[in-house]
Amino acid sequence: NVQRRLVQASSVAAPAPPPSVIVMPAFRYHQFQVVGRHLPTEADASPKVYRMKLWATDSVRAKSKFWYFMSMLKKVKKANGQIIACNEIFERKPTTVKNFGIWIRYQSRTGEHNMYKEFRDVTLNGAVDQMYAEMASRHRSRASQIQIVKTATVPSNQCKRVAVTMMHNKDISFPVQQKIVRPISKSLKTTFKYKRPSACMM
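Residues numbered from 1 in each chain as written. Predicted model: local features only at pLDDT ≥ 70, side-chain atom pairs only at ≥ 80, totals over all residues. Heavy atoms only, no water.

1. Here's the deal with the overall build of the protein chain
Condition: Put simply, DSSP H or I for four residues or longer makes a helix, DSSP E for two residues or longer makes a strand, and each gets a number counted from the N terminus. Contact between two residues is taken to exist if any of their heavy atoms lie within 4.5 Å; hydrogens are not considered. To be clear on the numbers: accessible area is Shrake-Rupley with a 1.4 Å probe, and residue cover counts the displayed protein chains and nothing else.
Across its full length, the protein chain holds four helices and six strands. Going from N to C terminus, the protein chain has its helices and strands arranged as α-β-β-α-β-β-β-α-β-α. The contacts in the protein chain between residues at least 6 apart in sequence include a share of 59% that link residues at least 24 apart. Summing over all exposed atoms, the protein chain offers an accessible surface of approximately 15,700 Å²; the carbon and sulfur share of this is 54%.

Laid out in structure tokens, this is it:
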């Protein structure tokens, strides 16, 4: 009976979202805002509050990254600190294409390096996903060895990378690889054709 219930529960499809809701793609890395401070003591009843924006796969790893950087920068660790808030940050306009600049610091097999990269995406999370994939492919760098220093939305006239600037041409066009003739109206649509369709370019 338990197995039947599990099968029935798994077979039920999730309800489709209403047409007005924008469904965001599933990103691996999400942007979080973590706010924390040192625990209040008799010497300092109201310690300074620190806020950090970082990328992680979930909120648990975002808090872990927060304590990692806080222990190095401000000598505050999880044992003597507290998390005030941990919120995920979403894109304001997730349907508009933007140019993102990402400043990173990563550790290679020879040393520490600073790097600036540009990506074109609709969301900052998508640009960060592209950055991690490119660093893994081109530089063999693991995600744990990369630290994002700063991110920014770059105007088109200030972009530097050729892969981004080549998309700024207003007359840009892409070739049609496969052209299929479709009926102009639904009444002319038929299931069977009297000849094989030609998909070659005219």
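2. Focus: helix α2 (residues 59-73)
Since the α-helix advances by 3.6 residues per turn, residues separated by three or four positions end up pointing in the same direction. Definition in use: Helix span, as expected, comes to 1.5 Å for every residue beyond the first. Only protein chains enter the accessibility calculation, which uses a 1.4 Å probe. A residue is then buried if its area is under 20% of the maximum for its type, exposed if over 50%, and partly exposed in between.
Taking 1.5 Å as the rise per residue, α2 with 15 residues should run 21 Å; its terminal C-alpha atoms sit 21 Å apart, in good agreement. What α2 keeps buried is the set A62, F66, W67, F69 and M70. Buried residues belonging to α2 abut β1 (30-38), β2 (49-56), β3 (81-89) and β6 (146-153).

3. Focus: unusual backbone geometry
Positive phi, normally seen in glycine, also occurs at K75, with a value near 55 degrees. Locating K75 in the fold gives a position in the loop between α2 and β3. The class of K75 is exposed, set by a relative accessible area of 66%. Although it is not a glycine, R140 adopts a positive phi angle of roughly 55 degrees. Note on placement: R140 falls in the loop between α3 (124-138) and β6.

4. Some words on the sheet that holds β1
Filter applied, for reference: Strands pair, by our definition, only if DSSP identifies at least two bridges between them. Throughout, an axis means a line fitted to C-alpha atoms (over the contacting stretch in the case of helices), and angles, computed between N-to-C directions, take values from 0 to 180 degrees.
The three strands lie next to each other as β2-β1-β3, forming an open sheet whose pairing is antiparallel. Two strands lie at the open edges of the sheet, namely β2 and β3, each paired on one side alone. Each strand axis lies, on average, 25 degrees off the axis of its neighbour in the sheet, ignoring direction. Relative to β2, α2 is tilted by about 125 degrees, and along the sheet it contacts β1, β2 and β3.

5. A few points about α3
If you check α3, its first and last C-alpha atoms are 21 Å apart, about what 15 residues at 1.5 Å a residue would give, namely 21 Å. Considered for burial, the residues of α3 that qualify are L124, N125, G126, A127, V128, M131, Y132 and M135. Buried-residue contacts for α3 involve β1, β2, α2, β4 (98-107), β5 (112-121) and β6.

6. Quick word on the confidence of the model for the protein chain
Filter applied, for reference: The pLDDT score gives, residue by residue, the confidence of the prediction method on a 0 to 100 scale.
Averaged over every residue, the pLDDT of the protein chain is 86; residues scoring 70 or more account for 86%. Taken as a whole, residues 2-13 scores under 50 in pLDDT and shows zero contacts with residues more than four places along the chain or in a different chain.

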